[in-house]
Amino acid sequence: IAMCTLVLSVTLLELFPQVDVLVRARDAICSGDREFVYTKDGLGVTSWAYPDGVNRSDLNFRNFPDGKAAFATVGGVMSPKVSFVDSMTDILLRQQGRDLFEGGCTEELCFDNTGMARANKRAEERPDCCFAGKVEVPKIDAGRFSLKSKAAESIEAATNYWNPGCVNRLDDGLGFETLIQGAMADAANAANPSACPPGGCPVERPMCSNGTCIAPRCE
């Protein structure tokens, strides 16, 4: 009886907690989408793509970061991250770029077209697949908009692409301002990391300022 009690105690107090740690470590490293490739262009805007041969309809049974089943998420960009790039990769790791989710991200779900301009819907009501689709490029190594081209892009070429008219793109409300805001914020935050709050900032307010998070503006 004493031996059985000892074995049971060791199992409950030592082995079970260790198994839980190992499962959580496995999910953090191996769960979710591990087949995408990403880079930053000359302006610092993030892009991503799947290699040829990847079946976009496949889903990992265990999703990032907790091993639970994959489902369409909403408002994930509101979670603070160390950088804008981290926010993007977190959404992709949660498989929101897969066809099951991104394929259902319609114009009506992602953008508000009721005003004069095509604006992003509010982050708390916008599916995260909208963000995944916005920064996806068609190929890794072929074409002007491939990841290879984006990674080798100069800041001049990127500026001509994102802002050919030399206007205020941070506040134009055309639906892509969050990408440029995120690129600017990553550069500014890297130069002054002490201005960031613990845990970083969300996509909608990516720039650190005296321990708080703000959206970069031209004014």
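You'll find the structure just up there.
The structure displayed is predicted, hence computed values, not measured ones.

**Student:** Hey, could you go over the overall build of the protein for me, with residue numbers and the actual values?
**Tutor:** On a plain count of helices and strands, the protein comes out with 8 helices and 6 strands. Its helices and strands taken in sequence order, the protein reads α-β-β-α-α-α-β-β-α-α-α-α-β-β from the N to the C terminus. In the protein, which comprises 219 residues, the share counted as buried stands at 39%. Long-range contacts, defined here as pairs at least 24 residues apart, represent 63% of the contacts in the protein between residues at least 6 apart. For the protein, the accessible surface area stands at approximately 12,100 Å², while carbon and sulfur atoms represent 61% of it.

**Student:** How would you sum up the environment of R56? Please name residues and give values.
**Tutor:** Along the chain, R56 turns up in the loop between β2 (46-49) and α2 (84-93). Residue class for R56 comes out partly exposed when judged on its relative accessible area of 21%. Sequence separation of R56 and E35 is 21 residues, and the distance between their C-alpha atoms is 9.5 Å. At a separation of 2.9 Å, a polar atom in the side chain of R56 contacts the side chain of D99. A polar atom in the side chain of R56 sits 2.5 Å from the side chain of E136.

**Student:** Which residues make up the environment of F84, and what values do they have?
**Tutor:** The residue F84 is located in helix α2 in this model. Along the chain, F84 and L179 lie 95 residues apart, while their C-alpha atoms are 8.6 Å from each other. Not counting residues up to four positions away in its chain, the partners in contact with F84 are T46, F131, T178, L179, G182, D186 and V203.

**Student:** Mind laying out the side chain of R94, listing which residues take part and the relevant values?
**Tutor:** Relative to the elements of secondary structure, R94 occurs in the loop between α2 and α3 (99-102). A relative accessible area of 10% places R94 in the buried class. One polar contact links R94 to T73, side chain to side chain, over a distance of 2.9 Å. Filtering out sequence-adjacent residues up to four positions away, R94 remains in contact with N63, F64, T73, G76 and D128.

**Student:** Describe the pairing of β2, with residues and values.
**Tutor:** Working note: regular strand, side chains alternate between the two faces of the sheet. Where burial is concerned, the two faces of β2 agree: the one with T46 and W48 and the one with S47 and A49 are both buried. Pairing geometry for strand β1 (residues 37-40) and β2, over 4 bridges, is antiparallel. If you follow Y38 over to β2, its bridge partner there is W48. Following β1, the chain reverses through 5 residues before pairing antiparallel with β2; G44 in that reversal takes a positive phi of roughly 100°.

**Student:** So what's going on with the packing of aromatic side chains? Which residues, and what values?
**Tutor:** Tallied over the full model, the rule gives 6 aromatic pairs. The interplanar angle of 90° and the centroid separation of 5.0 Å between the aromatic rings of W48 and Y50 together place this pair among those described as edge-to-face. Of the two residues examined, W48 and Y50, each falls in the buried class. Plain terms: the ring middles of Y161 and W162 are 5.0 Å apart, the flat faces sit at 75° to each other, and that makes the pair edge-to-face. What makes Y161 partly exposed here is its relative accessible area of 35%. Here the aromatic residues F36, Y38, W48 and Y50 are joined through ring pairs into a cluster of three or more. Taking the ring centre of F145 as reference, the NZ or CZ of R144 above it sits at 5.1 Å. Across from the ring centre of Y161, 4.4 Å away, lies the NZ or CZ of K150, which sits over that ring.

**Student:** Outline the state of the cysteines, supporting the account with residue identities and numerical values.
**Tutor:** Counting across every chain of the model gives 4 disulfides. The disulfide that involves C196 links it to C208, with 2.1 Å between the sulfurs. On the sign convention where negative is left-handed, the bridge of C196 and C208, at about 95° about the S-S bond, is right-handed. Of this pair, C196 sits in the loop between α8 (177-191) and β5 (207-209) while C208 sits in strand β5, and the two are 12 residues apart along the sequence. On the accessibility criterion, C196 (23% relative accessible area) is partly exposed. Judged by its relative accessible area of 11%, C208 is buried. Here C201 pairs with C213 through a disulfide, and the sulfurs are 2.0 Å apart.

Definitions and cut-offs
- Residues numbered from 1 in each chain as written.
- Predicted model: local features only at pLDDT ≥ 70, side-chain atom pairs only at ≥ 80, totals over all residues.
- Heavy atoms only, no water.
- Helix = DSSP H or I, 4+ residues; strand = E, 2+ residues; numbered from the N terminus.
- Buried < 20%, exposed > 50% of the residue type's maximum accessible area, 1.4 Å probe, protein only.
- Contact = heavy atoms within 4.5 Å.
- Areas by Shrake-Rupley, 256 points an atom, 1.4 Å probe, with all protein chains shown as cover.
- Polar contact = N/O pair within 3.5 Å; in protein donor to acceptor, adjacent residues only side chain to side chain.
- Pairing = 2+ DSSP bridges.
- Phe/Tyr/Trp six-rings, centres within 6.5 Å; stacked < 30°, edge-to-face > 60°.
- Lys NZ or Arg CZ within 6 Å of the ring centre and 35° of its normal.
- Disulfide = S-S within 2.5 Å.

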